[in-house]
Protein chains: 2
Amino acid sequence: MKKIKIGIIGGTGGIGRWFAQYFQKEGLEVWVSGRRSGPDLPTMARECPVVIVSVPIAATLSVIEQIGPLMPEEALLTDFTSLKAEPVRAMLRASSCEVIGLHPLFGPEAKTLAGHNVVVCPARSRKWLPFVLDLFRKGRARIIETTPEKHDEWMAQVQVLNHLNTIAMGLALKRSGFQLAELLPVATPAFEAKVEWMKKIFGPNAGLYAQIITHNPFVEDVFENYQESLRELKKWIRRRDDEGLRKRIEQAGLFPAVRMKEE
Amino acid sequence: MKKIKIGIIGGTGGIGRWFAQYFQKEGLEVWVSGRRSGPDLPTMARECPVVIVSVPIAATLSVIEQIGPLMPEEALLTDFTSLKAEPVRAMLRASSCEVIGLHPLFGPEAKTLAGHNVVVCPARSRKWLPFVLDLFRKGRARIIETTPEKHDEWMAQVQVLNHLNTIAMGLALKRSGFQLAELLPVATPAFEAKVEWMKKIFGPNAGLYAQIITHNPFVEDVFENYQESLRELKKWIRRRDDEGLRKRIEQAGLFPAVRMKEE
């Protein structure tokens, strides 16, 4: 039986490289192209019946517009972008082949696929969907099928809110004038954990997070909610009112199970 | 040799109970009093040469004012409060005995003392300081000696900023209308980790965190820094400017080592 060839555009770094290794272990033939290495796009489209676009968000649309028209009708064009609505629309527009949007919800530091979430957005899919699902299921990923629009709405909370939260803390810390070297010897486990997340976002991949945030169609709503929350908090802090603050936190009822146990 | 008796006021719950067990294992006799159980304060002061106040922040000053005058001059009065300036001042004022402020920088979920940070603020100490240091060193805690004022300044970042950050995210999430049950199947490891911290603060101990925040003398500065950071972020988000946001994150230079590696 002939091995299926998978082409990964952007497969020399980050999550693209991670999956290149994973697919190889799963018995597929993987062709990888980076910005300055590997086969060119016409070769990828001609040789690989499945092509994955795994490049930075800001470059995704342009790569899709180049590869899309080159893909034969019976092929599958897919992408690993952290956003789905715009890339999937672009893939449908640029190609006549099958189109499935994908988003592996983890970074290249993951050891295995097991237990990690992967969002699958079938857009124009016939024969390739079972193949894709099977490929992720083999590694025991948890698959969530949804629309590109719903995906982006979820990611506004899961990624945009979360990263904005980490950046806000980092910038406020910077503004305090304290160096981390001074604070780490008096850190709590919670503070240390936050510092680890800050280290990720304030590190060499800052551009990735900046794109995840600014390109999400719901970013302004998320930011508005965040500012509103701060406005609310201000009241209790100004009054030094710990009882008021406690009640506000409890009333949020974020974890109903915990609350019920208490009542 | 007679065992040294340590009295813990508030030793029936939280970190007080944790240390009651730790001290017992270290060969000390521990007397514990809760709100509705254990010996009364005059008995504690008479029987225990070392008394630790480990009650909620809002109750600390009143307990210190009651126990302080009962303590014999050769005894040690100390506390585990998450703030140090006010409790230490109160202990000095209320007693004529030795006074050392303490803050174990971890919660009762810790398995051992090893590697955890403990702040020690000697205020009026002669013979008892070596005993106290030794007690924590035996369990391989990392000890940081400082003034109560410096402690509170550090905790404004380590605890107040950190908890405000977690609460801000929780309230913004609430405001989004999404339930955690819907988001967890599409969570990233980073989001899951944040949810775990939210669970702690939005749980039964919300009052503890509300007190740590509102009683810290530097809370308004922290909040001001936080709001300023958001105001800054707003600019890049409004303009959907990922390059601007990336540069801002990188310019913060929170982790100089990481930056140097990149250059």
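Residues numbered from 1 in each chain as written. Chains lettered and ligands numbered in written order. Predicted model: local features only at pLDDT ≥ 70, side-chain atom pairs only at ≥ 80, totals over all residues. Heavy atoms only, no water.

Some points on the pattern of salt bridges
1) Next: Taken as a whole and judged by the stated rule, the model has 28 salt bridges over all chains.
2) Next: A salt bridge links Glu47 of chain B to Lys5 of chain B; the shortest N-O distance between them is 3.0 Å. Remark: Lys5 of chain B occurs in strand β1 (residues 5–9) and Glu47 of chain B occurs in helix α2 (residues 41–47); sequence separation between them is 42 residues.
3) Next: You can call Glu47 of chain B partly exposed: its relative accessible area is 29%.
4) Next: Put simply, Lys150 and Glu153 of chain A together with Glu182 of chain B are held in one network by salt bridges that share partners. (Salt bridge = Lys/Arg side-chain N within 4 Å of Asp/Glu carboxyl O. Helix = DSSP H or I, 4+ residues; strand = E, 2+ residues; numbered from the N terminus. Buried < 20%, exposed > 50% of the residue type's maximum accessible area, 1.4 Å probe, protein only.)

Considerations on the packing of aromatic side chains
Residues and elements named next belong to chain B.
1) Next: Evaluation of the coordinates by the stated rule reveals 21 aromatic pairs over all chains.
2) Next: Arranged with centres 5.5 Å apart and planes meeting at 35°, the rings of Phe19 and Phe23 form a pair that is tilted. Of the two residues, Phe19 and Phe23 are both situated in helix α1 (residues 14–25); the distance of four residues between them amounts to about one turn of the helix. Phe23 matches Phe19 in its accessibility class, with the two residues each being buried.
3) Next: Ring geometry for Phe19 versus Phe80: centroids 4.9 Å apart, planes at 50°, classification tilted. (Phe/Tyr/Trp six-rings, centres within 6.5 Å; stacked < 30°, edge-to-face > 60°.)

Thoughts on the domain arrangement of chain A
All names here are of chain A.
1) Next: The domain boundaries assigned to chain A delineate domain 1 (5–146) and domain 2 (150–262).
2) Next: For domain 1 versus domain 2, the separation of C-alpha centres amounts to 31 Å.
3) Next: Listed per partner, the contact involves 14 residues of domain 1 and twelve residues of domain 2.
4) Next: Both sides of the domain 1 and domain 2 interface together cover about 1,100 Å² of buried area, and 64% of this is carbon and sulfur.
5) Next: Of all residues in domain 1, Ile57, Leu83 and Thr146 bury the most surface against domain 2, accounting for 43% of the area lost on that side.
6) Next: Inspection of the region where domain 1 meets domain 2 yields one salt bridge.
7) Next: Measuring nitrogen to oxygen at the nearest pair gives 2.9 Å for the salt bridge that ties Lys200 to Glu109.
8) Next: Elements represented by at least two residues in the side of domain 1 that touches domain 2 include exactly α3 (57–67) and β6 (117–124).
9) Next: Of the residues belonging to the side of domain 1 that touches domain 2, the class tally is nine nonpolar, three polar and two charged. (Domains from an automatic or database assignment. Contact = heavy atoms within 4.5 Å. Buried area = accessible area lost by both parts, 1.4 Å probe. Nonpolar A, V, L, I, M, F, W, Y, C, P; charged D, E, K, R; others polar.)

As for the relation of the copies chain A and chain B
1) Next: It takes a turn of 180° to lay chain A on chain B, together with a shift of 0.0 Å along the axis; the resulting RMSD is 0.0 Å. Taken together, the rotation and translation relating the two chain copies correspond to the operation of a two-fold axis. When C-alpha positions in chain A are compared against the rotation axis, the closest is assigned to Asn165 of chain A, at 3.3 Å.
2) Next: Both copies contact each other with a shared surface, as 100% of the interface residues of chain A are interface residues in chain B too. (Least-squares fit on C-alpha atoms with pLDDT ≥ 70 in both.)

Overview of the pairing of strand β2 (residues 29–33) of chain B
Residues and elements named next belong to chain B.
1) Next: In this structure, β1 lies alongside β2, joined through five bridges in parallel fashion. Each bridged residue has a counterpart across the sheet, and for Ile8 the counterpart in β2 is Val32.
2) Next: Running through α1, the crossover from β1 to the neighbouring parallel element β2 is right-handed. (Pairing = 2+ DSSP bridges. Right-handed = clockwise from strand over helix to strand, strands pointing away.)

Focus on the nonpolar core
1) Next: Counting 88 residues, the largest nonpolar core has Phe191, Phe202 and Leu233 of chain A together with Phe191, Phe202 and Leu233 of chain B as its most contacted members.
2) Next: Those residues in contact with Phe202 of chain A, other than ones at most four positions away along the chain, are Thr166, Ile167, Gly170 and Leu171 of chain A together with Ile249, Ala252, Leu254 and Phe255 of chain B. (Core = buried A, V, L, I, M, F, W, Y, C linked by side-chain atoms within 4.5 Å.)

Section: the interface of chain A and chain B
1) Next: At the junction of the two partners, chain A supplies 89 residues and chain B supplies 89 residues.
2) Next: Together, the buried faces of chain A and chain B total about 8,700 Å²; carbon and sulfur atoms form 69% of this surface.
3) Next: Residue Glu182 of chain A pairs with Lys150 of chain B through a salt bridge whose shortest N-O separation is 3.7 Å.
4) Next: Our count for the contact surface shared by chain A and chain B stands at 28 residue pairs in polar contact (both at pLDDT 80 or more).
5) Next: The class makeup of the residues in the side of chain A that touches chain B is 49 nonpolar, 20 polar and 20 charged. (Polar contact = N/O pair within 3.5 Å; in protein donor to acceptor, adjacent residues only side chain to side chain.)

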